[in-house]
Amino acid sequence: MNDKALPVKVTYARTGMLEADLANRQILMHLYGARYQERDAKDPFNVHKIRDGINMVEGTLPISLEELYEKQKKRPTRSALTIEQLLEQLKSENTHERSASRTEINKRFSFPFACVAFAIIGVPLGVTAHRRETSIGFAMGLIVATTYFLFVIVGDTLRGNPHAHPELLVWFPNVLFIFIGAILFRRLSKQ
């Protein structure tokens, strides 16, 4: 993989087997009927620029566990990136990466807006719940919070799928609660 997590060197094998070499802290990948390809570093998805490498009947490819661990440690999570870095990822050729970055940006702006949505739905719910019905008020608050975070979790899970529009899913509970809150305020004003 290159620094943008795109495949540059690809190995295909008919069959294979993994073996742990704990003494040398590595994984041995035994490949049978393998062929190697090297893709263009600037345009890895262009099939016209793929260069075939060697073909092997049988071979072993060692993978260092320490190197894998260091690579994973150096790669920041999407939530640790700045807005500028996320905006830069929106220019990527990879549609899944663009979708994930778009979802993260929208999530960062929808979270602060959730305070407004919770206030708009919370005030009419709090006014209508009587003092003796504190358990009902607590249950309604729990339902609202669970619904909100359920949509955020689903949007976060689907962030790599651009067809599901996860960037809209993180905004949906805010819009839903403001709409329900407006209806409850209207009913409350009529009473």
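All residue numbers refer to position in the chain's written sequence, counted from 1. The predicted origin of the model limits local features to residues at a pLDDT of at least 70 and limits the giving and counting of side-chain atom pairs to 80 or more, whereas totals for whole chains, interfaces and linings rest on all residues. Where side-chain values are given, they derive from all heavy atoms of the structure, hydrogens and water being excluded.

1. Re the packing of aromatic side chains
Each Phe, Tyr or Trp ring (for Trp, its six-membered ring) is paired with any other whose centre lies within 6.5 Å, and the angle between the two planes then decides the class: stacked below 30 degrees, edge-to-face above 60, tilted in between. According to the stated counting rule, one finds six aromatic pairs in the structure shown. On the basis of an interplanar angle of 45° and a centroid distance of 6.4 Å, the ring pair of Phe 111 and Tyr 148 is categorised as tilted. Highlighted residues: Phe 111 in helix H3 (residues 95-128) and Tyr 148 in helix H4 (residues 134-157), separated in sequence by 37 residues. A residue is classified by how much of its surface remains accessible, and Tyr 148, at 1% relative accessible area, is buried. Members of the aromatic cluster, each reached through a chain of ring pairs, are Phe 111, Phe 118, Tyr 148, Phe 149 and Phe 177. A run of DSSP states H or I qualifies as a helix once it reaches four residues; a run of E qualifies as a strand once it reaches two. Both are numbered from the N-terminal end. For every residue, the accessible area (1.4 Å probe, protein chains only) is compared with the maximum for its type, and the residue is labelled buried under 20%, exposed over 50%, or partly exposed between those bounds.

2. Some remarks on the sheet that holds strand E2 (residues 26-38)
On the basis of which strands lie adjacent, the open sheet formed by three strands has the order E1-E2-E3 and antiparallel pairing. Looking at strand neighbours, the two that pair on one side only are strand E1 (9-21) and strand E3 (51-64), the edges of this open sheet. Strand-to-strand, the axes of this sheet are offset by a mean angle of 10°, without reference to chain direction. Only strands joined by at least two bridges in the DSSP assignment are considered to pair. Simply put, an axis is a line fit to the C-alpha atoms, just over the touching stretch for a helix, and the angle between two N-to-C directions goes from 0 to 180 degrees.

3. Considerations on H3
Helix span, as expected, comes to 1.5 Å for every residue beyond the first. Its 34 residues place the ends of H3 47 Å apart at the C-alpha level, agreeing with the 50 Å of an ideal helix rising 1.5 Å per residue. Along H3, the sharpest change in direction is near 35° and occurs at Pro 112. Polar contact is defined as a pair of N or O atoms within 3.5 Å, subject to the rule that within protein one atom must be able to donate a hydrogen and the other to accept it, and that residues adjacent in sequence are counted only when both atoms are side-chain atoms. Residue Asn 94 occupies the N-cap position of H3, its side-chain oxygen lying 3.0 Å from the main-chain nitrogen of His 96. We define the bend at each residue as the angle formed by axes fitted to the 7 residues ending at it and the 7 residues starting at it.

4. What to know about the pattern of salt bridges
A pair can form between side chains of opposite charge whenever their charged atoms are brought close. We define a salt bridge as a contact between a side-chain nitrogen of Lys or Arg and a carboxyl oxygen of Asp or Glu at a distance within 4 Å. In total, this model carries nine salt bridges according to the counting rule given. Two residues, Glu 104 and Lys 107, come together in a salt bridge whose shortest N-O distance is 3.6 Å. One end of the pair, Glu 104, and the other, Lys 107, are both in helix H3, three residues apart, so they sit about a helical turn from each other. Residues Glu 104 and Lys 107 agree in their burial class; the two are buried.

5. Brief notes about the environment of Leu 176
Relative to the assigned elements, Leu 176 resides in helix H6 (residues 172-190). Taking the C-alpha atoms as reference points, Leu 176 and Thr 128, separated by 48 residues in sequence, lie 19 Å from one another.

That's the geometry; what it means functionally is another story.
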